Amino acid sequence: MRILVTGASGLLGRKVFTQLKLKDYQVFGTCGTKPISGLLHVDLTLPKTLGAIIHKIRPTALIHCAAMTDVNACEENVDLARSINVEATATLSRICKKMDIYMVYVSSDYVFSGYNSPYIESDQADPINVYGRTKREGEEAVTAAGVFASIVRPTIMDGYNGPEDKFTFTRDLLRNLKETPNSVVLDNCRKKYPILIDDVAENIELLINQRRTGIFHFSSKAPVTRYEWGLIVGSTFGFAEEQIRPDDNIDIHRFPPRPVDVKLVDTQMGFNFREVQSLVSIIKQQIERRQ
Ligand SMILES: NC(=O)c1ccc[n+]([C@@H]2O[C@H](COP(=O)([O-])OP(=O)(O)OC[C@H]3O[C@@H](n4cnc5c(N)ncnc54)[C@H](OP(=O)(O)O)[C@@H]3O)[C@@H](O)[C@H]2O)c1
């Protein structure tokens, strides 16, 4: 099977790309501004380049991981967010439909406000910020194109490919614990359901192999606040508990709004996602292996 991964220079895309490459697939990947050897450069804001790449590769399946993911940046540049997250997704969906390519669109739990948790796949989306709205419009574009596709909604992802990765929760916290050891304060109000990119990649592969269509929720089951998650990271990496303090009065109305508790329920597949302690231990092993 020939698989094209967009955003293969990003956190999830890189993991999907490398995990699939280790198996019996022919895998191709795109990057944007971050040139990485072996990846094809593409600008998602230029629809013609997307068509050219897909015609050249002629994949059987396309995994669309690329997106504008910075919530603040999306709020500040709505047109660019819409161009990358909605218009490029619409273009890719139409091309896939025309060329009979199976598509996986990576959406987000941010399509929900978090006011009405828990959410099953068919619940009405009600995003509360630009990022979430553009991800929802991306989903609508996939559906409107009538392409043979699955839409996956992951919760917050953590993981490790290498030092070139963007800073995820774990690596950001480790950096802060080293640089400002006694002033690390973490949100103890919002609930998160972190998942490991390795598990996301594996479950995307499952969807491709089973040619599933529809919406799929990717989430761990037990909620943690960033503070609780941070304590697990701290103890796993050998930091003292006192180095991390909870913020119990976080301003949840700070702009741009972020959902307080999006609990996603998977009624479709019974996916397996590691819980947070195991997720952090795997990241530690992966970081140590690269040192
Ligand atoms: N991270 C999370 O916690 C999370 C949670 C839920 C859903 N998601 C979704 O999961 C997917 C992957 O997220 P991620 O965190 O792995 O993303 P990421 O690390 O921010 O990477 C984004 C990818 O998109 C590419 N890209 C962005 N703008 C582009 C453009 N104009 N032209 C071409 N490529 C462009 C980037 O390329 P360059 O870096 O080379 O420019 C990069 O490869 C996204 O769809 C995101 O919405 C993420």
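Residues numbered from 1 in each chain as written. Predicted model: local features only at pLDDT ≥ 70, side-chain atom pairs only at ≥ 80, totals over all residues.

From N to C terminus, the protein chain includes nine helices and eleven strands. Computed over its C-alpha atoms, the radius of gyration of the protein chain comes to 19 Å, within 12% of the 19 Å expected for a compact globule of 291 residues. Projected onto its principal axes, the C-alpha coordinates of the protein chain cover approximately 55 × 40 × 35 Å. Of all intrachain contacts in the protein chain linking residues separated by at least 6 positions in sequence, the fraction that spans at least 24 positions is 79%. (Helix = DSSP H or I, 4+ residues; strand = E, 2+ residues; numbered from the N terminus. Rg over C-alpha atoms; globule rule 2.2 N^0.38 Å. Contact = placed C-beta atoms within 7 Å.)

Our next topic: the site of the ligand. Lining the immediate surroundings of the ligand are 28 residues, of which Gly 7, Gly 10, Gly 32, Lys 34 and Ala 67 lie closest. In terms of residue count, helix H1 (residues 11–21) provides more of the shell around the ligand than any other element does, three residues in total. Residues belonging to the shell around the ligand are distributed by class as follows: 14 nonpolar, nine polar and five charged. (Near = placed C-beta within 6 Å. Nonpolar A, V, L, I, M, F, W, Y, C, P; charged D, E, K, R; others polar.)

Right, let's talk about the nonpolar core for a bit. Val 5, Val 16, Ile 63, Met 103, Val 104 and Ile 204 are the most contacted members of the largest nonpolar core, which totals 75 residues. Taken together, domain 1 (2–159 + 194–222 + 262–274) and domain 2 (169–189 + 224–259 + 286–290) each give at least three residues to this core, which thus spans both. (Core = buried A, V, L, I, M, F, W, Y, C linked by C-beta atoms within 7 Å. Buried ≥ 20, exposed ≤ 12 C-beta atoms within 10 Å, placed from the backbone. Domains from an automatic or database assignment.)

Bringing the packing of helix H8 (residues 226–236) against helix H9 (residues 276–290) into the picture now. Working note: a packed helix pair is described by the angle between its axes plus the distance between those axes. H9 packs onto H8 with a crossing angle of 40° between their chain directions and a minimal axis gap of 10 Å. The orientation of H8 relative to H9 falls into the category oblique. Crossing geometry of H8 relative to H9 is assigned as right-handed. Touching Trp 229, Ile 232, Val 233 and Thr 236 of H8 are Val 276, Gln 277, Val 280, Ser 281 and Lys 284, all from H9. A breakdown of the residues in the contact of H8 with H9 according to their chemical character gives five nonpolar, three polar and one charged. (Axes fitted to C-alpha atoms, helices over the stretch in contact; angles between N-to-C directions. Parallel < 35°, antiparallel > 145°, perpendicular 65-115°, else oblique. Left-handed = near helix turned anticlockwise from the far one by under 90°.)

Let us now look at the pairing of strand S6 (residues 149–154). Put simply, side chains in a regular strand alternate between the two faces of the sheet. Burial of S6 is extensive: six of the six residues sit out of reach of the surface. Where burial is concerned, the two faces of S6 agree: the one with Ala 149, Ile 151 and Arg 153 and the one with Ser 150, Val 152 and Pro 154 are both buried. Here strand S5 (residues 102–106) runs beside S6; their pairing, made up of four bridges, is parallel. Looking at S6, one finds that Val 104 is bridged to Ser 150. Here S6 pairs with strand S10 (residues 214–218) via five bridges, running parallel. Across the sheet, Val 152 pairs through a bridge with Phe 216, a residue of S10. (Pairing = 2+ DSSP bridges.)

The assigned domain composition of the protein chain is domain 1 (2–159 + 194–222 + 262–274) and domain 2 (169–189 + 224–259 + 286–290). A straight line from the C-alpha centre of domain 1 to that of domain 2 covers 27 Å. Contact with domain 1, which involves 13 residues of that partner, is made by eight residues of domain 2. Here the side of domain 1 that touches domain 2 gets three residues from one element, more than from any other, and that element is helix H3 (residues 71–76). Within the side of domain 1 that touches domain 2, the residues separate by chemical class into seven nonpolar, four polar and two charged.

The next subject is helix H7 (residues 197–209). Taking 1.5 Å as the rise per residue, H7 with 13 residues should run 18 Å; its terminal C-alpha atoms sit 18 Å apart, in good agreement. The set of residues buried in H7 consists of Ile 197, Asp 198, Asp 199, Val 200, Ala 201, Asn 203, Ile 204, Leu 207 and Ile 208. Two residues or fewer past H7, Arg 211 is found with a positive phi of approximately 50°. (Expected span 1.5 Å × (residues − 1).)

What follows is about the environment of Lys 21. Within the element layout of this structure, Lys 21 appears in helix H1. In sequence terms Lys 21 and Leu 196 are 175 residues apart; their C-alpha atoms lie 18 Å from each other.

It is worth spelling out the sheet that holds S6 at this point. Taken in spatial order, the seven strands line up as S3-S2-S1-S4-S5-S6-S10 in an open sheet, and their pairing is parallel. Because the sheet does not close on itself, it has two edges, and the strands there are strand S3 (40–41) and S10. Against the sheet, helix H2 (residues 47–57) makes contact with strand S1 (2–6), strand S2 (26–31) and S3, and its axis sits at roughly 160° relative to S1, the strand it touches most.

Another aspect to go through is unusual backbone geometry. Cis geometry marks the peptide bond from Ser 117 to Pro 118, where omega comes out at 0°. For Pro 118, the location among the structural elements is in the loop between S5 and helix H5 (130–145). A cis amide bond links Phe 255 with the next residue in sequence, Pro 256, at an omega value of -10°. Residue position: Pro 256 is located in the loop between strand S11 (244–247) and H9. In this structure, Arg 58 is a non-glycine residue whose phi angle is positive, near 50°. Looking at the element boundaries, Arg 58 is found in the loop between H2 and strand S4 (61–64). Positive phi values are uncommon outside glycine, yet Arg 211 reaches one of about 50°. Note on placement: Arg 211 falls in the loop between H7 and S10. The exposure class of Arg 211 is exposed, given the 10 C-beta atoms found within 10 Å.

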